[in-house]
Amino acid sequence: PGHDTNQSACQDPQMIYITDEINGIPDHLKQGATIPGMRKLLKDLPADIIEEVNKQIPRDEKTGELKYPKNIQLNGYVHQIFIKKLTDMDGMTACQRLKLHSPNEVGVANVFVSWTLESSVEKTLDTLENYCIENKMPLNSTYFWVCDFVIKQNDVESDLEYLEQCIKSIGHTIAIIEQWQKPRILSRSYCIYELHATQQHNVKFDIAMHKEEGASFTEAMLYDFASIATCLAEVDISKAECRKRSEQERILNIIKDGVGISECNASVIGLLREALLSIGRKELSSIDESERASSKLANNLARMLRNMGKYDEALPLFRGGVASCREKYGDQHRETLTRINNLGNLLCNIGNNKEALPLCKEALAGRRETLGDRHPDTLQSINNMAVFLKEMGKKEEALSLYKEALAARRETLGDRHPSTLTSINNMALILKQMGKKEEALPLYKESLAGFRETLGDRHP
């Protein structure tokens, strides 16, 4: 509306593409419902729906055990079974049924929701409502594509053929994360597939959590950021599950025939890391400016950016942290030395050896003096200095430091600690580069066996 239809040649090519994508999707799969609309439908559920659904859970023919665990709340599985009964009678989806009575509560979907069917439907709607409020999205015109409400529950497989097209055409995906320490969403085939499609088509992506989850997540971002990054990186579509084995195999075959399992896993991990960065930046901006640069969150974000290869974004955070901590704590404070060490490492990574060397030396000397030679921070600095010297071609000096770090880590951490195994691998690497292959080989074997034993075969 408002445009001259005679000037179609000037339309945005991207808009034409999206329109074509929408046109290939069945009408009922283009719909979404508002939060108030979905809540209206929940009021129609029988009071004893959970008990009735549990009675219908099939049993294993051999063992007599229930094939699925009993439902303890109104989750997606319970909800779908009720909706299927209605669809069997009238042939309509929940959204189509809602539109008959409350037409304003249904519209063209503008947010796709990725969630697990074990989740509470009511809690999921609470999470989405809170997301709308935090992001100033109107509740009366934000139409969510939620599988229970959009898909025809008596013909699920046919509708799921359009899942990727729906994600692409909607252009905005929200993943509901529950129990972020071990997110269920990353163990479900469909969810991983949805996140993969989101990344592949460059769709806007956000993470949403219930208020209770969000509070512990925010605290962890300050004090246990590494755990979050690790939890959100445990993705393996080959091990993900569906209740129906046939659907699990179908999704896996789609991935195998397409980008492949490794690429799929990597794309989802990358998507989640970018979302984590976005949350971190938002939290960082909420910290008082006088405390921001020296905050643990600033350092954690900088480290994550460095690990992702985003050096240009990490560098100012590291520089700001060093300057702020020097002023706030002094040069010899443990936090200051940590920031100096991190800045030196990044400068080494980008080849700025002139500026990196004095910082690495300062961090190592300061840690030896204040923490002692056997402290984990000191050993980290010793190892980092060895890496730096090796890169500068000073292999004999580097070897001496590698030996010191390895001996101390064996003594203080044990032979199977990840830091010790890293030192073993580093020692093997420099020995190989120095032409001492016979000395390097047993160390390579030891580090590989240790990593397999402690981290598993698939750990990066």
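Everything discussed here concerns the structure shown above.
Caption draft 1: Looking closely at the layout of surface pockets. Here the second largest pocket defines a volume of roughly 1300 Å³. Top contributing element to the lining of the second largest pocket by residue count: helix H4 (residues 76-90), with 5 residues. Split into classes, the residues belonging to the lining of the second largest pocket amount to 22 nonpolar, 11 polar and 12 charged.

Caption draft 2: Up close: unusual backbone geometry. Although it is not a glycine, Lys136 adopts a positive phi angle of roughly 55°. Examined against the element boundaries, Lys136 turns out to sit in the loop between helix H6 (121-134) and strand S4 (144-145). Look at Lys136 and you get exposed, because its relative accessible area is 78%.

Caption draft 3: Molecular detail of the environment of Arg184. Here Arg184 lies in the loop between strand S5 (172-176) and helix H10 (189-200). Separated by 35 residues in the primary sequence, Arg184 and Glu219 place their C-alpha atoms 20 Å from one another. Contact partners of Arg184, with chain neighbours within four places excluded, come to Thr116, Glu118, Ser119, Glu178 and Gln179. Engagement of the side chain of Arg184 in a polar contact is seen with the side chain of Glu178, the distance being 2.6 Å.

Caption draft 4: Representation of the pairing of strand S3 (residues 111-114) within the structure. Residues of S3 alternate between two faces, with Val111 and Val113 on one and Phe112 and Ser114 on the opposite face, all of them buried. Across 2 bridges, S3 lies against S4 in parallel orientation. Across the sheet, residue Val111 finds its bridge partner in S4, namely Phe144. Following the backbone out of S3, through H6 and into the adjacent parallel S4, one traces a crossover that is right-handed. Pairing analysis gives 3 bridges linking S3 to S5, with the strands arranged parallel. Its bridge partner being in S5, Phe112 is matched across the sheet by Thr173.

Caption draft 5: The arrangement of the nonpolar core in detail. In terms of nonpolar packing, the biggest core is built from 127 residues, with Phe144, Trp145 and Leu272 touching the most fellow members. In terms of residues, this core owes the most to one element, helix H14 (residues 261-286), which gives 10 residues. Other than its neighbours up to four places away in sequence, Leu272 contacts Leu186, Leu195, Phe205, Ile207, Leu232 and Val235.

How each quantity is defined
- Residues numbered from 1 in each chain as written.
- Predicted model: local features only at pLDDT ≥ 70, side-chain atom pairs only at ≥ 80, totals over all residues.
- Heavy atoms only, no water.
- 1 Å grid on protein atoms, 1.4 Å probe; cavity = no way out; pocket = protein on both sides within 12 Å on 5 of 7 lines; lining within 4 Å.
- Points joined across faces, edges and corners; volume = space filled by probe spheres on them.
- Helix = DSSP H or I, 4+ residues; strand = E, 2+ residues; numbered from the N terminus.
- Nonpolar A, V, L, I, M, F, W, Y, C, P; charged D, E, K, R; others polar.
- Buried < 20%, exposed > 50% of the residue type's maximum accessible area, 1.4 Å probe, protein only.
- Contact = heavy atoms within 4.5 Å.
- Polar contact = N/O pair within 3.5 Å; in protein donor to acceptor, adjacent residues only side chain to side chain.
- Pairing = 2+ DSSP bridges.
- Right-handed = clockwise from strand over helix to strand, strands pointing away.
- Core = buried A, V, L, I, M, F, W, Y, C linked by side-chain atoms within 4.5 Å.

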